[in-house]
Amino acid sequence: MSQNPDKPHSSEEKLSGLEDGQEESLDNPDQFIRKRIRQSAPGSHRDDTPKSSPPRPVSIEELMETAKGVTNMALAHEIVVNGDFQIKPAELPEHSLEKKVRDIVHKAFWDCLEAQLKEDPPTYDHAIKLLGEIKENLLSFLLPGHTRLRSQITEVLDLDLIKQEAENGALDISKLVEFVIGMMGTLCAPARDEEIKKLKDINEIVPLFRAIFSVLDLMKMDMANFAVSSIRPKLMQQSAEYERKKFQEFLEKQPNSLDLVTRWLQEAADDLAKLRCKMLPPHCSGDGATGGASALCSTAVQNQAYLKLLKWDHVNRPFPETVLMDQTRFQEIQLELEQLLLTGTVLLVTFSAAGPALVDMPGFAEKIKTIVKVLLTGMHLPSFNLQESLATIGEKVCAEVNSCLSQHGFAPFSAERETGLKGQIQAVANPDNTICKLIDSRIEKFLENYLASSHQKSLPAVPGGLGPIQRELEEIAVKYVRLVNYNKMVFSPYYDAVLGKILTKGESQLVGKSEES
């Protein structure tokens, strides 16, 4: 059965108009929804996956309607969480059939226009139609208060008058085009001033018309992005309800669409209970499981679940449904943290080997971070060789250490110390490396503390040993917690409902065990 812990009542935002031209991250919604339904089917997971009502047969019409809902929800989500979101023109692949057909049609049109203008006397049918389109575009850029500009455009680009002038051989196309360019310069964003300037250098009429329409397309894109940035604050207030409503509609069509979420939260609760049990005094070990589980709360389990997303196996395990739209973002944060972990470990090893001489040396840590970052570029690609890269990093770090020591009057490393430092850096590739595991646990603890105190404006204190990477860690943490908090805002009713059952069931089982003992 579908769950509906929070049924929003606000009206749906009219966002469908923004879908035209939106190419990024929303391709193939039909394929996306089919994949999601297939992954959510009970038979596609292990036997320990929570069972729900079997999915009913879905018609093509229902599937398409669901796909549209998911697309709308993804678009609203992208606008809200991505501050750099922009609508961009679709770019066809270089050798695609669509691009070839478009180029042929465009060339035929402009060739026809050129042929008409070269007739004696010239024929202006196509040119007048283009002027009409330009007029409509210019008027679309105006705000209600632009009365004077509206009057100017309407008066100069009066198509009836232009037709009469053409019939009487008195039409001056160059004069009209000059007015159009001037008006475009008045209405365009400052970033387009250079394009407007280039228009004034084009003397032939057909290439000039083509260039004008190209710049008008850019201006329309600017206007659309301005509209997006303008509605973002208002959309932020309503997007949580909007996304929750769309997800609820999806859930009603596919009742098993919280299976992955249930499994994800159950694992987080189990992990947290085991962790609490380990922290109990030894004399409490007899009923430690009971104490660990009874101390769990919904917020703590949710935070633990979000931390699990930073260690996710994206290749072999499907992502929970409620965070699916942000899977790419969570994966990017995960990769950034993995690279930062290696950087922090190399820095700690280097500072330990060099002693206090280099710890406070200005710019030294930044130089090492730059070396590590450059040489770890592409570390998540299958072709990347971590051992070779760490060997190169060892060579570069030792050279930088000796250079800095010599510049500040210290003795450079001996061959033996260099060999030791290089060996320690190469040992970072070992998953069981003690220093690497220490840095990893401290990074996780910092993120855990930040999640727990995310309502506070100030960041928690950075654990010892993470000072050299504090700035990078805080930047990642801010991005990560913003993503988590928004996801909580949208889906917390569903999480509370699922966790209510998980925690109640866990406490009931533990109480039963206690009574038996």
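Our subject is the structure listed above.
Here is a short report on the structure shown in this document.

Reading the values: rules and limits
Residues numbered from 1 in each chain as written. Predicted model: local features only at pLDDT ≥ 70, side-chain atom pairs only at ≥ 80, totals over all residues. Heavy atoms only, no water. Core = buried A, V, L, I, M, F, W, Y, C linked by side-chain atoms within 4.5 Å. Buried < 20%, exposed > 50% of the residue type's maximum accessible area, 1.4 Å probe, protein only. Helix = DSSP H or I, 4+ residues; strand = E, 2+ residues; numbered from the N terminus. Contact = heavy atoms within 4.5 Å. Axes fitted to C-alpha atoms, helices over the stretch in contact; angles between N-to-C directions. Parallel < 35°, antiparallel > 145°, perpendicular 65-115°, else oblique. Left-handed = near helix turned anticlockwise from the far one by under 90°. Nonpolar A, V, L, I, M, F, W, Y, C, P; charged D, E, K, R; others polar. Phe/Tyr/Trp six-rings, centres within 6.5 Å; stacked < 30°, edge-to-face > 60°.

### Quick look at the nonpolar core
With 87 residues, the main nonpolar core has Trp264, Leu265, Tyr306, Phe330, Ile443, Leu447 and Tyr480 as its most contacted residues. If one sorts the elements of this core by residue count, helix α19 (residues 470-516) sits on top with 16 residues. The residues touching Trp264, leaving out its near neighbours within four places in the chain, are Ala305, Tyr306, Lys308, Leu309, Trp312, Pro320, Thr322, Val323 and Tyr495. Grouped together as the second largest cluster of nonpolar side chains are 39 residues, Ile162, Ile173, Ile181 and Leu199 included.

### Considering the packing of helix α13 (residues 327-354) against helix α16 (residues 386-407)
In the contact formed by α13 and α16, the axes pass within 12 Å of each other and the chain directions differ by 40 degrees. Between α13 and α16, the angle falls in the class oblique. Here α13 runs over α16; the crossing is right-handed. Contacts between α13 and α16 involve Leu342, Val346 and Thr350 on the former and, on the latter, Leu386, Ile393, Val397 and Val401. The residue inventory of the contact of α13 with α16, partitioned by class, reads 6 nonpolar, 1 polar and no charged.

### Here we look at the packing of aromatic side chains
According to the stated counting rule, one finds 14 aromatic pairs in the structure shown. For the ring pair Phe319 and Phe330, a centre distance of 6.2 Å and an interplane angle of 50 degrees mean the geometry is tilted. Of this pair, Phe319 sits in the loop between α12 (298-308) and α13 while Phe330 sits in helix α13, and the two are 11 residues apart along the sequence. The burial state of Phe319 is the same as that of Phe330; both residues are buried. Aromatic side chains Phe491 and Tyr495 sit 6.5 Å apart centroid to centroid with 45 degrees between the ring planes, which places their arrangement in the tilted category. You can see Phe491 and its partner Tyr495 sitting in helix α19, 4 residues apart, about one turn around the helix. The burial state of Phe491 is the same as that of Tyr495; both residues are buried.

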